[in-house]
Amino acid sequence: METQKQLGPRLKHGFRGLWDSVLRASSLLPELLPALHHLVGLQAALWLSTDHLGDLTFLLQTLNGSQSGASEDLLLLLKTWSPPAKASDDPLTLQDAQGLKDVLLTASAYRQGLQELNTGSLPRALSSLHEAASGLCPRPVLVHVYTALGTCLRKMGNPQRALLYLIAALKGGSICGPPLLEASRLYQQLGNTVAELESLELLVEALSVTPSSEVPHFLIEVELLLPLPDPASPLCCGTLSQIKHLLASRCLQTGRAEDAVEHYLDLLALLLDDSEPKFSPPPCPPGPCMPEVFLEAAAALIQAGRAQDALTVCEELLSRTSSLIPKKPRLFTDARKGTKESSHCPPWVSATYLLQGQAWVQLGAPKQAISEFSRCLELLFQATPKDKEQGPTSDCEKRCTSDVVLQQLRAAALISRGLEWMASGQDTKALQDFLLSVQVCPGNGDASFHLLHTLRRLDRRDEATALWRRLEVQTKLPQENATWSLPLYLETCLSWIRPPDRETLLEEFQTSPLEPCDL
């Protein structure tokens, strides 16, 4: 078997033919059948563990004596396989053919259930996972099976039954990462934010504990026949930094700014513990993108009223990206000529200046705030999305350099600067920024409402009335669901500059002296 594993594909067809010949000749030597079925079990275990499912199916079809027109359902073939009863004078073995069959049945049912779960065949996945749970299922594997059942039932709209399986998984052994992560997803779906965050906190604690060394396996067990969890699988709970990032971001999204700050600062300390003094732009390794973690941490600090600490975090990010900040206006042209300057960093850097401006707003320093917003805009209007012809990009790149993100960043900076101009009594400059924000990001409704308010203040009746009519029509149209999502730091920043009540503004405008009949 070891030789077969080493030679691999070269013996694939040879071994098929060998097994076919041996099994067809076995009827002439019935006394060898127990040993032969034992070897079949070992071969099946090897082929299952190495994903040679076609060869395994062929072997079982031949063994069952019904190759032509036989079922290709691996579970059904394994159930049909009937190893001969062990005789009293048979050699003693640690694991007989029947024991191997039971292990193969459980492992196959579990693997099939996971595959069906990942492809969305939920009723079939539920059946396969129930099959695995009812078989010879060791406790560590049972924890994973129950977790997968919980995921399947949650997706099928049965949260209470899903919760029962997750509780059983948590009671079933020391492996608590996957069920805790799935529990957090379930509680988020149910709207129970407190329980969701508690599950994530417990998961962080569990991942912080050094795992004990694995006990060596002396038998062929279910665990040895299972593939490593796919990153998209519900059984992959990620790394400690990924879960800390998930916990911090969920706290920020749900309005728990103080808790978010605590978790973000812990996360930064963890990520920077053994890091290089500088870090590179994408492609990023799996996990949270480092610049985004800094930006989200700064946004959380501002949200929590800790503007000075937010400035410190922003300065740290700028110091780490200082070599990537453009020193001349045509950075992207130079990048196409082959220079080493990056076309990915400016969105992060400009976002850093945007957050620094918001921190200065909170500190009551309008001049510094306007300066930061202006620097942000200077970089943003140099930036262009990465050429799509350059090949696939990472998720981190797509978030940072997409058209939508660049447009919304420009709108956020223009609106923020416009609000500061307005607060200082410079309504004309504010009007210019709001007009430009509507032009660069037509889908940003906040920009239009700020523009309407400014036109009203400046008594520009014709323009205000025309804009008001357009906004009234837009508010009555059915809202389309956005097919894109923004980075969390940007969503948080946009929430700070959102008009408090759009409908009230429209109603006030309707009853104001700027009614069309007065014009």
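Reading guide: rules and limits
Each chain has its residues counted from 1, following the order in which its sequence is written. Residues qualify for local features only when their pLDDT is at least 70, as the model is predicted, and side-chain atom pairs are given and counted only at 80 or more; totals for whole chains, interfaces and linings, by contrast, use all residues. Side-chain descriptors were evaluated using all non-hydrogen atoms of the structure, hydrogens and water having been removed beforehand. Secondary structure counts use DSSP, requiring at least four H or I residues in a row for a helix and at least two E residues in a row for a strand, with both numbered from the N terminus. Note on contacts: a residue pair qualifies if any of its non-hydrogen atoms lie within 4.5 Å across the two residues. Residue-level accessible areas treat just the shown protein chains as cover; the underlying method is Shrake-Rupley with a 1.4 Å probe. How sure the predictor is of each residue is captured by pLDDT, a score from 0 to 100. What counts as an axis is a line fitted to C-alpha atoms, over the stretch in contact for a helix, and the angles between N-to-C directions run from 0 to 180 degrees. Should an angle fall under 35 degrees it is taken as roughly parallel, and over 145 as roughly antiparallel, whereas 65 to 115 is taken as roughly perpendicular and any remaining angle as oblique. Each crossing gets its handedness from the near helix: less than a right angle anticlockwise from the far helix is left-handed, clockwise is right-handed. Gly counts as polar in this scheme, as do all residues outside two lists: the nonpolar Ala, Val, Leu, Ile, Met, Phe, Trp, Tyr, Cys and Pro, and the charged Asp, Glu, Lys and Arg. Exposed residues in this analysis have more than 50% of their type's maximum accessible area, buried residues have under 20%, and partly exposed residues fall in between, with area computed by a 1.4 Å probe over protein chains only. Counted as a polar contact is a pair of N or O atoms within 3.5 Å, where, for protein atoms, one must be capable of donating a hydrogen and the other of accepting one, and residues adjacent in sequence contribute only when both atoms are in side chains. The salt bridge definition used is simple: a Lys or Arg side-chain nitrogen within 4 Å of an Asp or Glu carboxyl oxygen. For a helix, the expected span equals 1.5 Å multiplied by the number of residues minus one. Only rings of Phe, Tyr and Trp enter the pairing, Trp through its six-membered ring, and a pair is recorded when the two centres are within 6.5 Å. The plane angle decides the type: under 30 degrees is stacked, over 60 is edge-to-face, the rest tilted. Patch rule: a residue counts if its relative accessible area is over 30% and it has no salt bridge; like charges are joined within 9 Å, and nonpolar side chains (Val, Leu, Ile, Met, Phe, Trp, Tyr) within 5 Å. Counting rule applied: Lys, Arg positive; Asp, Glu negative; His and chain ends not counted. The atom standing in for a charge is NZ when the residue is Lys, CZ when it is Arg, CG when it is Asp and CD when it is Glu. Only buried residues count toward a nonpolar core, which is a set of Ala, Val, Leu, Ile, Met, Phe, Trp, Tyr and Cys residues joined through side-chain atoms within 4.5 Å.

Let's talk about the overall build of the protein chain
Check the secondary structure of the protein chain and you find 25 helices and 0 strands. For the protein chain, contacts bridging at least 24 residues in sequence account for 66% of all contacts bridging at least 6. Summed over all atoms, the accessible surface of the protein chain reaches about 26600 Å², with 54% contributed by carbon and sulfur.

Section: the confidence of the model for the protein chain
Taken over all residues, the pLDDT of the protein chain has a mean of 80, while the share at 70 or more is 75%. When pLDDT is averaged over each element of the protein chain, helix H14 (residues 290-303) comes out on top at 95 and helix H16 (residues 331-336) at the bottom at 41. Low pLDDT, under 50, characterises residues 387-393; the predicted model gives this stretch 3 contacts beyond four residues in sequence or across chains.

Focus: the packing of helix H8 (residues 139-155) against helix H10 (residues 177-190)
Their axes nearest at 9 Å, the elements H8 and H10 cross at an angle of 15°. The orientation of H8 with respect to H10, classified from their angle, is roughly parallel. Where H8 crosses over H10, the handedness of that crossing is left-handed. Contacts from Val-143, His-144, Thr-147, Gly-150, Thr-151 and Arg-154 of H8 reach H10 at Pro-178, Pro-179, Glu-182, Arg-185, Leu-186 and Gln-189. Partitioned by chemical class, the residues of the contact of H8 with H10 number 4 nonpolar, 5 polar and 3 charged.

Comments concerning the packing of H14 against helix H24 (residues 488-496)
Contact geometry of H14 with H24 gives a least axis separation of 8 Å together with a crossing angle of 30°. By the angle between their axes, H14 is roughly parallel relative to H24. The element H14 and its partner H24 pack so that their crossing is left-handed. In contact with Glu-292, Leu-295, Glu-296, Ala-299, Ile-302 and Gln-303 of H14, H24 contributes Leu-488, Tyr-489, Thr-492 and Trp-496. Its residues assigned to classes, the contact of H14 with H24 comprises 6 nonpolar, 2 polar and 2 charged.

Description of the environment of Ala-297
Relative to the helices and strands, Ala-297 is located in helix H14. The spatial distance from the C-alpha of Ala-297 to the C-alpha of Leu-265 is 7.1 Å, given a sequence separation of 32 residues. The contacts of Ala-297, once residues within four sequence positions are left out, are Tyr-264, Leu-268 and Val-313.

Re the side chain of Ser-128
As for its position among the elements, Ser-128 is in helix H7 (residues 122-134). Taking relative accessible area as the criterion, Ser-128 reaches 5% and is therefore assigned buried. A distance of 2.9 Å separates the side chain of Ser-128 from the side chain of Glu-116, its partner in a polar contact. Excluding residues within four positions of it along the chain, Ser-128 makes contact with Ala-109, Gln-112, Gly-113 and Glu-116.

A short note on the pattern of salt bridges
Tallied over the entire structure, the rule returns 14 salt bridges. Across the salt bridge formed by Asp-309 and Arg-306, the nearest N and O atoms sit 3.0 Å from each other. Accessibility expressed as a relative area gives 33% for Asp-309, which makes it partly exposed. When its relative accessible area of 30% is taken as the criterion, Arg-306 is described as partly exposed. Three or more residues joined by partner-sharing salt bridges are found here, namely Arg-154, Glu-182 and Arg-185.

A few points about unusual backbone geometry
At Asp-51, a position not held by glycine, the phi torsion is positive, near 65°. Judged by its relative accessible area of 47%, Asp-51 falls in the partly exposed class. A positive phi angle, close to 60°, is found at Asp-459, a residue other than glycine. Examined against the element boundaries, Asp-459 turns out to sit in the loop between helix H22 (445-457) and helix H23 (461-476). For Asp-459, a relative accessible area of 47% gives the class partly exposed.

Here's the deal with the environment of Val-194
The residue Val-194 is located in helix H11 (residues 193-208) in this model. Taking the C-alpha atoms as reference, Val-194 lies 9.9 Å from Cys-251; in sequence the two are 57 residues apart.

Some points on helix H13 (residues 257-272)
Taking 1.5 Å of rise per residue, 16 residues should cover 22 Å, and H13 covers 22 Å from first to last C-alpha, within 8% of that figure. Taken residue by residue, H13 has Ala-257, Ala-260, Val-261, His-263, Tyr-264, Leu-267 and Leu-268 as its buried positions. Next to the buried residues of H13 lie H11, helix H12 (240-253), H14 and H24.

Details of the packing of aromatic side chains
Given two aromatic rings, their pairing is described by the distance between the two centres and the angle made by the two planes. Per the stated rule, a full pass over the model turns up 1 aromatic pair. Measuring from ring centre to ring centre gives 5.6 Å for Tyr-146 and Tyr-165, while their planes differ by 50°; the resulting arrangement is tilted. With Tyr-146 in helix H8 and Tyr-165 in helix H9 (residues 159-171), this residue pair connects regions lying 19 residues apart in the sequence.

Quick notes on a negative patch on the surface
Negative charge collects at one region of the surface, where Glu-198, Glu-201, Glu-205, Glu-258, Asp-259, Glu-262 and Asp-266 lie side by side. Listing elements by their share of the negative patch, those giving two or more residues are H11 and H13. It is H13 that provides the largest number of residues to the negative patch, a total of 4 residues. Relative to the elements of secondary structure, Asp-266 occurs in helix H13. The exposure class of Asp-266 is partly exposed, given its relative accessible area of 36%.

Description of the nonpolar core
Counting 80 residues, the largest nonpolar core has Tyr-264, Leu-354, Leu-355, Leu-409, Tyr-489 and Leu-490 as the members making the most contacts within it. Each residue touching Leu-490, except ones within four places of it in the same chain, is listed here: Val-405, Gln-408, Leu-409 and Ala-412. Counting 51 residues, the second-largest nonpolar core is a separate cluster that includes Val-103, Leu-104, Leu-126 and Leu-149.

Description of the environment of Leu-122
Within the secondary structure, Leu-122 sits in helix H7. Classification of Leu-122 by relative accessible area gives buried; the value is 14%. Placed 30 residues apart in sequence, Leu-122 and Cys-152 show a C-alpha to C-alpha distance of 6.1 Å. Each residue touching Leu-122, except ones within four places of it in the same chain, is listed here: Leu-117, Cys-152, Lys-155 and Met-156.

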